[in-house]
Amino acid sequence: MNAAKTHGMAAVIERGAITVTPVRPDFIARVTGLDLRRPLSAAAIDAIEAAIATFAVLIFPGQPVCVDEQVAFGRRFGPLDTGLQTKLLSKVQTRLGNDAVSDISNVAVDGGIADRHHKQAMMNVGNQFWHTDSSYEHHPFRYSILAAQTVVGRGGETEFADLRAAYDTLDDATRDLIADRTGVFFSHNTRQWLGIDDSPADLTAYPPVRWPLVRTHPVSRRRVLWVDSKVREISGMSVPEGRALAHELIEHIGQREHVHAHRWTPGDVVMWDNRSVLHRGRRFDLTERREMRRVSTVDDSASLGTAD
Ligand SMILES: [Fe+2]
């Protein structure tokens, strides 16, 4: 049964047992009425895909999934990425034992909190910059699904910024300026800026790719401003001019009216559409344990090709 009723200022959508409650209209919603630890019906998966096409970020509270349950849930939305783990992250450490799962934590393989100079801790500092997961890949990620195990007392929120609203609110001159331009997205752009000492093999694991700066979402048909911290060059501009413009556009995307901060509770699962939002983790005390797990599906859209 599908039904909609008013709940405060926002419509609550009920599809069978699933309730989708808007937190921010057309941007963020809470999804309840499901147990993600169990296999879901095809109707439930369809309802989630319909909801994420509108909202872009879905919060599933109270879902303490284990690794296998999270992987099984993710697989319902398409093939999962294993390349990031096998090409890069496994060189830092392998703690969770599944190439489809990224270890978004400051926990070392011995189970203790990693020292702040440990690459596991330093690498995750890069998550504090606005990005989509794997915008630097020829086939980027479609959905990311992040599950919280251990959260910190202060900070550590994940913020989401709406790329559709960002495009909609660009002034006409800037829209004209970027309309036919492309950006070069490089996997280690922020890591190099942060001074992380990556090996030549790491730096060439993902050849930089070129994307249009304006894309159309294939389901919602909304236009998105496709820029993140991985952009190191913009077509038709000098390198400094392109980087300055990318920085300006990211500032526009990150304006507070486009942003929602999710404060984590253990057991939260948050699923987002990388084609519609940027995200970033917020700073926290690295001597506190923060433990999250992520699985991501691979999108079938493709970049314009390698840039070098
Ligand atoms: Fe991320």
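Caption draft 1: Representation of the overall build of the chain within the structure. Scanning the chain from N- to C-terminus turns up 9 helices and 17 strands. Here the C-alpha radius of gyration of the chain, 19 Å, is about what a compact globule of 308 residues would show, namely 19 Å. Counting all 308 residues of the chain, 42% fall into the buried class. Of all intrachain contacts in the chain linking residues separated by at least 6 positions in sequence, the fraction that spans at least 24 positions is 77%.

Caption draft 2: View of the sheet that holds strand 8 (residues 158–162). On the basis of which strands lie adjacent, the open sheet formed by 3 strands has the order 14-8-16 and antiparallel pairing. The two strands at the open ends of the sheet, each matched to only one other strand, are strand 14 (259–262) and strand 16 (277–281). Put simply, the sheet's adjacent strands are angled 20° from each other on average, direction ignored. As paired strands, strand 8 and strand 14 are joined by 4 bridges and run antiparallel to one another. The residue of strand 14 that forms the bridge with F160 is H260.

Caption draft 3: Layout of the sheet that holds strand 13 (residues 231–234). A sheet is described by the order of its strands in space; here 3 strands give the open sequence 10-9-13, paired in antiparallel fashion. Looking at which strands have only one partner, the edges of the open sheet turn out to be strand 10 (209–212) and strand 13. Each strand axis lies, on average, 35° off the axis of its neighbour in the sheet, ignoring direction. Examined bridge by bridge, strand 9 (residues 182–185) and strand 13 share 3 bridges and lie antiparallel to one another.

Caption draft 4: Structural view of the nonpolar core. Residues V57, L58, L163, L225 and I253 are the most contacted members of the largest nonpolar core, which totals 66 residues. Other than its neighbours up to four places away in sequence, L58 contacts A29, V31, I48, A51, I52 and M271.

Caption draft 5: View of the environment of R210. Examined against the element boundaries, R210 turns out to sit in strand 10. By the C-beta count within 10 Å, which is 17 here, R210 ends up partly exposed. Between the alpha carbons of R210 and H138 there is a distance of 8.4 Å; along the sequence they are 72 residues apart. Discounting residues that sit within four places of it in the chain, R210 has contacts with T182, V184, S303, L304, G305 and A307.

Caption draft 6: Inspection of the environment of R275 at higher detail. Mapped onto the elements, R275 comes out in the loop between strand 15 (269–273) and strand 16. Between the C-alpha atom of R275 and that of H217, which follows or precedes it by 58 residues, the distance is 6.7 Å. Non-local contacts of R275, meaning those with residues more than four positions away in its chain, are made with R142, H217, V224 and D299.

Caption draft 7: Helix 1 (residues 42–55), seen in detail. If you check helix 1, its first and last C-alpha atoms are 20 Å apart, about what 14 residues at 1.5 Å a residue would give, namely 20 Å. In the stretch just after helix 1, A56 is the one whose phi turns positive, near 80°.

Caption draft 8: Representation of helix 9 (residues 239–253) within the structure. For helix 9, which comprises 15 residues, the first-to-last C-alpha distance of 21 Å matches the rise-based estimate of 21 Å (1.5 Å per residue) to within 8%. What helix 9 keeps buried is the set L245, A246, L249, I250 and I253. Buried residues in helix 9, looked at end-on, bunch into an arc of 140°, giving them a common side. Seen from the open side of helix 9, the exposed residues pointing more than 90 degrees away from its buried face are P240, E241, E248 and E251. Buried-residue contacts for helix 9 involve strand 8, helix 5 (163–168), strand 9, strand 12 (223–225), strand 13 and strand 16.

Caption draft 9: Up close: unusual backbone geometry. Of note in the backbone geometry, D26 takes a positive phi value of approximately 55° without being a glycine. Mapped onto the fold, D26 is located in the loop between strand 3 (18–24) and strand 4 (28–32). For D26, a count of 16 C-beta atoms within 10 Å puts it in the partly exposed group. One non-glycine residue, R221, adopts positive backbone phi at about 65°.

Caption draft 10: How the structure looks around the pairing of strand 8. Counted residue by residue, strand 8 has 4 buried out of 5 residues, so it is predominantly covered. The sheet contact formed by strand 8 and strand 16 spans 5 bridges and is antiparallel. By the bridge assignment for strand 16, D162 is matched with V277.

Caption draft 11: Fine view of the environment of P207. Structurally, P207 is set in the loop between helix 8 (200–203) and strand 10. What makes P207 partly exposed here is the crowd of 14 C-beta atoms within 10 Å.

Caption draft 12: Fine view of the confidence of the model for the chain. Model confidence for the chain is summarised by a mean pLDDT of 93, while 95% of its residues fall at 70 or above. Across residues 1–9, confidence stays below pLDDT 50; counting only partners more than four residues off in sequence or on other chains, it has 12 contacts.

What counts, and at which threshold
- Numbering of residues starts from 1 in every chain and runs along the sequence as written.
- In keeping with the model being predicted, local features are shown solely for residues with a pLDDT of at least 70 and side-chain atom pairs are shown and tallied solely at 80 or more, while totals for entire chains, interfaces and linings include all residues.
- Strands are runs of DSSP state E lasting at least two residues, helices are runs of H or I lasting at least four, and both sets are numbered from the N terminus onward.
- Taken over C-alpha atoms, the radius of gyration is set against a globule rule of 2.2 Å times the number of residues to the power 0.38.
- In this scheme every C-beta is placed from the backbone, and a residue whose C-beta has 20 or more other C-beta atoms within 10 Å is buried, one with 12 or fewer is exposed, and one in between is partly exposed.
- Two residues qualify as being in contact provided that their C-beta atoms, derived from the backbone, are within 7 Å of each other.
- DSSP calls a pair of strands paired once it identifies at least 2 bridges connecting them.
- Between N-to-C directions, angles span 0 to 180 degrees; the directions come from axes that are lines fitted to C-alpha atoms, helices contributing only their stretch in contact.
- Put simply, a nonpolar core is a cluster of buried Ala, Val, Leu, Ile, Met, Phe, Trp, Tyr and Cys residues tied together by C-beta atoms within 7 Å.
- By this rule, a helix spans an expected 1.5 Å times one less than how many residues it contains.
- The arc in question is the one traced by the directions running from the helix axis out to the C-beta atoms.
- On a scale of 0 to 100, pLDDT captures the predictor's confidence in every residue.

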